[in-house]
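Chain residues, written in single-letter form:
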Amino acid sequence: MPTLTIIPLCIPGYLGEPAKAAILQAPRLFLQTAAHPSAAWIAEMGLGYTAMDDLYETSADFDALNAAIAARLICGEDAVYAVPGRGAGDAQLAAIRAAANAAGTTLRLYAGVGYGQAALASLGENPDTARVCTALSLCAACIDTHSMLCVEELDSPLRAGEVKLLLCDRYPDEYVVSLCVMDEKGGYTAHALPLYMLDRQPAALYFASTVLIVPPAALTSLSRYSLEDLMCVMHRLRAPGGCPWDAEQTHESLRKALLEETYEVLQTIDDRDMTGMCEELGDLLLQIAIHTAIEEEKSGFTMLDVTSGVVGKLIYRHPHVFGSTTVKDADEVLVNWEKLKKKEKHMRTQSEVMDALPRALPALMYSTKVQKKAADVGFDWKDAAPALQKVYEEADEVKAAMQKGSDAHIEEELGDLLFACVNVARLLHKDSELLLRAASDKFIRRFKAVEAAVLGDGKRMEALPLETLDAYWDKLKHEC
């Protein structure tokens with residue numbers, strides 16, 4: 001079975017003796033490119049090789065290039081493929097591995113020093129402390145502003161511009177970074193510059209071996225922050241020497257604030273205020289962060305536990321997205337969601353499902369959810385008409401309770417009346433919470449109009465009988 005060995009050429013002066021020996025003894029030698037300083041010694045020694053430079057010029061895109069390189073390498077005999085830097089990129093390596101598996105060729109990889117490690121060492125930095133990635137593979141998940149970031153292969157101003165745009169989403173435009181350029185002997189020279197100038201340097205500085213080094217940033221030097229930054233701030237506020245108020249908060253003391261922040265988010269939705277929503281969602285996230293920080297300090301759970309729980313739940317409850325289940329429409333998605341939720345929480349009866357509803361919900365919302373859970377097993381009216389008749393019956397029972405004068409009985413029957421009204425709204429596919437809020441807002445508008453009219457007539461509301469105020473009300477209610 002033939003073997004294809006992939007050897008990183010590293011940079012001049014960094015190639016290890018075993019790797020060099022494997023190249024010298026290669027039955028067939030391939031170079032990713034002959035136009036690189038790290039490959040110069042191969043030509044100087046008169047070794048025979050086949051370079052891939054022609055494929056770079058003739059391939060339509062990177063997928064075609066990688067496929068062509070893989071096809072050339074799998075030649076039916078032992079071969080060595082020498083690649084500048086740390087080795088073949090992920091996409092190219094995947095294409096080579098697929099071709100090798102199909103042809104029955106064994107793949108062997110050597111480890112090597114990459115551009116990033118060499119550049120870091122030239123600046124006196126420990127290469128093991130940095131996150132190293134290529135410009136092509138850089139993404140938001142690679143960026144940790146608390147650690148040093150090393151980005152290899154800034155081979156063009158265009159690539160540097162793409163990197164700059166990603167980094168400017170986290171770092172200020174003026175943040176000082178180092179553009180490290182390799183000379184023909186493998187040494188690096190660092191050019192300090194503000195981030196916004198990354199893609200505005202002389203064209204000669206951009207090459208496959210060019211490396212960008214972004215130093216760790218203090219929180220106070222950043223203009224944008226991540227969830228990890230938020231948790232760092234929370235722990236700093238609650239630590240000794242931090243904020244006394246934050247340090248003394250508990251789950252119980254924050255309960256009211258959590259509810260208030262939720263309502264403030266809802267208000268921005270009603271107002272269609274997306275700028276306000278962004279701010280209020282941040283305030284709501286702050287509540288989640290401080291509750292989580294409290295538990296992290298007690299080794300209860302962490303933010304990773306919180307995010308892992310919700311992501312795992314989403315994957316489990318969306319088998320039509322992450323599995324093989326098929327659904328017809330959104331209604332079927334909701335049916336499956338409830339089934340999976342019940343199974344996940346080990347609920348055997350619908351009564352257990354009702355018991356699991358959070359009792360801290362607003363009463364109208366809570367009663368709607370109770371009714372929906374009953375409806376899920378068929379305990380429901382077919383439509384709103386008989387439910388509306390039930391409202392009349394409950395109103396009569398309230399009247400009878402009032403005549404008897406029992407406060408406890410009146411309270412019970414008023415509760416039944418409200419529950420019956422919620423049932424009608426639900427069967428008409430209306431939100432009781434929103435309906436009552438809208439009715440309250442309408443009352444306020446009309447009350448304002450009545451008050452303004454009374455004051456405009458030189459009178460005071462509290463001095464007028466209800467009949468007179470009702471007359472004002474009837475006159476104005478159609479205008480607002």
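For the structure, check the block above.
This is a predicted model, so every value here is computed, not measured.

**Topic: the overall build of the protein**
Helix and strand counts for the protein stand at 20 helices and 10 strands. For a compact globule of 480 residues, the expected C-alpha radius of gyration is about 23 Å, and the protein comes in at 35 Å, more than 25% above that figure. Going through the 480 residues of the protein one by one, you find that 34% of them count as buried. In the protein, 61% of the contacts between residues at least 6 apart in sequence involve partners at least 24 apart. Element-wise, carbon and sulfur atoms account for 57% of the exposed surface of the protein, whose accessible area totals about 28,200 Å².

**Examining the sheet that holds strand 9 (residues 188-194)**
Read across the open sheet, the five strands follow the order 6-7-10-8-9; overall the sheet is mixed. Each edge of the open sheet is held by one strand with a lone partner, namely strand 6 (130-134) and strand 9. Here the strands of the sheet are splayed against their neighbours by 20° on average, with no regard to which way each runs. Sheet analysis places strand 8 (residues 176-182) next to strand 10 (residues 211-214), joined by three bridges and oriented antiparallel. Along strand 10, the bridge assignment pairs Leu179 with Leu212.

**Re the nonpolar core**
Counting residues in hydrophobic clusters, the biggest one holds 25 residues, and the most contacted among them are Leu138, Val151, Leu167, Tyr171 and Leu212. At the level of elements, strand 7 (148-152), helix 7 (157-167), strand 8 and strand 10 are the ones that each hand at least two residues to this core. The contact partners of Val151, leaving out residues within four places of it in the chain, are Cys133, Thr134, Ala135, Leu138, Val163, Thr210, Val211 and Leu212. Of all hydrophobic cores here, the second largest spans 17 residues; its members include Ile6, Leu55, Ile69 and Ala79.

**Some thoughts on the environment of Asp53**
Looking at where Asp53 falls in the secondary structure, it is placed in helix 3 (residues 53-58). Placed 169 residues apart in sequence, Asp53 and Leu222 show a C-alpha to C-alpha distance of 42 Å. Sequence-distant contacts of Asp53, that is, excluding residues within four places in its chain, are made with Gln32, Thr33, Ala34 and Ala35. Side chain to side chain, Asp53 and Thr33 meet in a polar contact 2.6 Å long.

**A closer look at empty space enclosed by the protein**
Rolling a probe over the atoms, with the probe sized like a water molecule, indicates the empty space that remains. Per the stated rule, a full pass over the model turns up one cavity of 30 Å³ or more. Space inside the largest cavity adds up to approximately 40 Å³. Surrounding the largest cavity, Pro2, Thr3, Leu4, Leu73, Ile74, Cys75, Gly76, Glu77, Asp78, Ala79 and Thr105 form its lining. Among the residues forming the lining of the largest cavity, the class breakdown is six nonpolar, three polar and two charged.

**Digging into the layout of surface pockets**
Of the voids in this model, the largest pocket is the one considered here, and its volume is about 1,400 Å³. Lining the largest pocket are 38 residues; nearest its centre among them are Glu338, Thr368, Lys369, Lys372 and Lys373. Of all the secondary structure elements, the ones that give two or more residues to the lining of the largest pocket are helix 10 (255-270), helix 14 (330-344), helix 15 (350-355), helix 16 (363-375) and helix 19 (432-456). For the lining of the largest pocket, a count of residues per class yields 16 nonpolar, six polar and 16 charged. The calculated volume of the second largest pocket comes to roughly 1,100 Å³. Lining of the second largest pocket is provided by 36 residues; of these, Gln32, Tyr56, Gly87, Gly89 and Glu153 occupy positions nearest its centre. Mapped onto the lining of the second largest pocket, the elements with two or more residues apiece are strand 1 (3-10), helix 3, helix 4 (62-73), strand 4 (79-84) and helix 5 (90-103).

**A look at the packing of aromatic side chains**
Per the counting criterion, the structure on display carries three aromatic pairs. When the centroid spacing of 5.1 Å and the interplanar angle of 35° are considered together, the rings of Tyr171 and Tyr175 count as tilted. Assigned by exposure class, Tyr171 and Tyr175 land together as buried. Here the aromatic rings of Phe443 and Trp473 are separated by 5.4 Å at their centres, their planes lie at 40°, and the arrangement is tilted. Separated by 30 residues along the polypeptide, Phe443 in helix 19 and Trp473 in helix 20 (residues 466-476) bring together distant segments of the chain.

**Some words on a nonpolar patch on the surface**
Together, Val310, Val311, Leu314, Ile315, Val321 and Phe322 line one region of the surface with nonpolar side chains, adding up to about 530 Å² of accessible area. Mapped by element, the contributors of at least two residues to the nonpolar patch are helix 12 (303-316) and helix 13 (319-322). In terms of residues, the nonpolar patch owes the most to one element, helix 12, which gives four residues. With respect to the secondary-structure elements, Val311 resides in helix 12.

**Some thoughts on the environment of Gly114**
With respect to the secondary-structure elements, Gly114 resides in the loop between strand 5 (106-109) and helix 6 (115-122). Considering only alpha carbons, one finds Gly114 and Leu29, 85 residues apart in sequence, at a separation of 21 Å.

**Description of the pairing of strand 10**
With burial as the criterion, each face of strand 10 is covered, one bearing Val211 and Ile213 and the other bearing Leu212 and Val214. When strand 7 meets strand 10, the two strands line up antiparallel, connected through three bridges. Considered in strand 10, the bridge of Val151 is made with Leu212.

Criteria and thresholds
Per chain, residue numbering runs from 1 following the sequence as it is written. Only residues with pLDDT of 70 or above have their local features reported here, since the model is predicted, and side-chain atom pairs are shown and tallied only from 80 upward, although totals for entire chains, interfaces and linings are computed over all residues. Each side-chain value is worked out from all heavy atoms of the structure, with water and hydrogens disregarded. A helix here means a DSSP run of H or I that spans at least four residues, while a strand means a run of E at least two residues long, and both kinds are numbered starting from the N terminus. The quantity called the radius of gyration is restricted to C-alpha atoms. Its globule counterpart is 2.2 Å times the number of residues to the power 0.38. Only protein chains enter the accessibility calculation, which uses a 1.4 Å probe; a residue whose area is less than 20% of its type maximum is buried, one above 50% is exposed, and one in between is partly exposed. Working rule for contacts: check all heavy atoms of both residues, and any pair within 4.5 Å makes them a contact. Here the Shrake-Rupley method, with its probe set to 1.4 Å, supplies the accessible areas, and only the displayed protein chains count as covering residues. Strands pair, by our definition, only if DSSP identifies at least two bridges between them. Axis geometry follows a simple rule: fit a line to the C-alpha atoms, using only the stretch in contact for helices, then measure angles between N-to-C directions, giving values from 0 to 180 degrees. Among buried residues, the Ala, Val, Leu, Ile, Met, Phe, Trp, Tyr and Cys ones that are joined through side-chain atoms within 4.5 Å form a nonpolar core. As used in this structure description, the phrase polar contact means that two N or O atoms lie within 3.5 Å; if the pair is within protein, one of them must be able to donate a hydrogen and the other to accept it, and residues adjacent in sequence are counted only when both atoms belong to side chains. As defined here, a cavity is a set of points on a 1 Å grid over the protein atoms alone where a 1.4 Å probe fits but cannot get out. A pocket is an open set with protein on both sides within 12 Å along at least five of seven lines, and residues line them when an atom is within 4 Å of a point. Grid points are joined across faces, edges and corners, and a volume is the space filled by probe spheres set on the points. Think of it as three bins: nonpolar holds Ala, Val, Leu, Ile, Met, Phe, Trp, Tyr, Cys and Pro, charged holds Asp, Glu, Lys and Arg, and polar takes everything else, Gly as well. Each Phe, Tyr or Trp ring, with Trp reduced to its six-membered ring, pairs with another whose centre is within 6.5 Å; inter-plane angles below 30 degrees give stacked pairs, above 60 give edge-to-face pairs, and intermediate values give tilted ones. Only residues whose relative accessible area exceeds 30% and that take part in no salt bridge are eligible for patches, with like-charged residues grouped when within 9 Å of each other and nonpolar side chains (Val, Leu, Ile, Met, Phe, Trp, Tyr) grouped when within 5 Å. Definition used for salt bridges: Asp or Glu carboxyl oxygen within 4 Å of a side-chain nitrogen of Lys or Arg.

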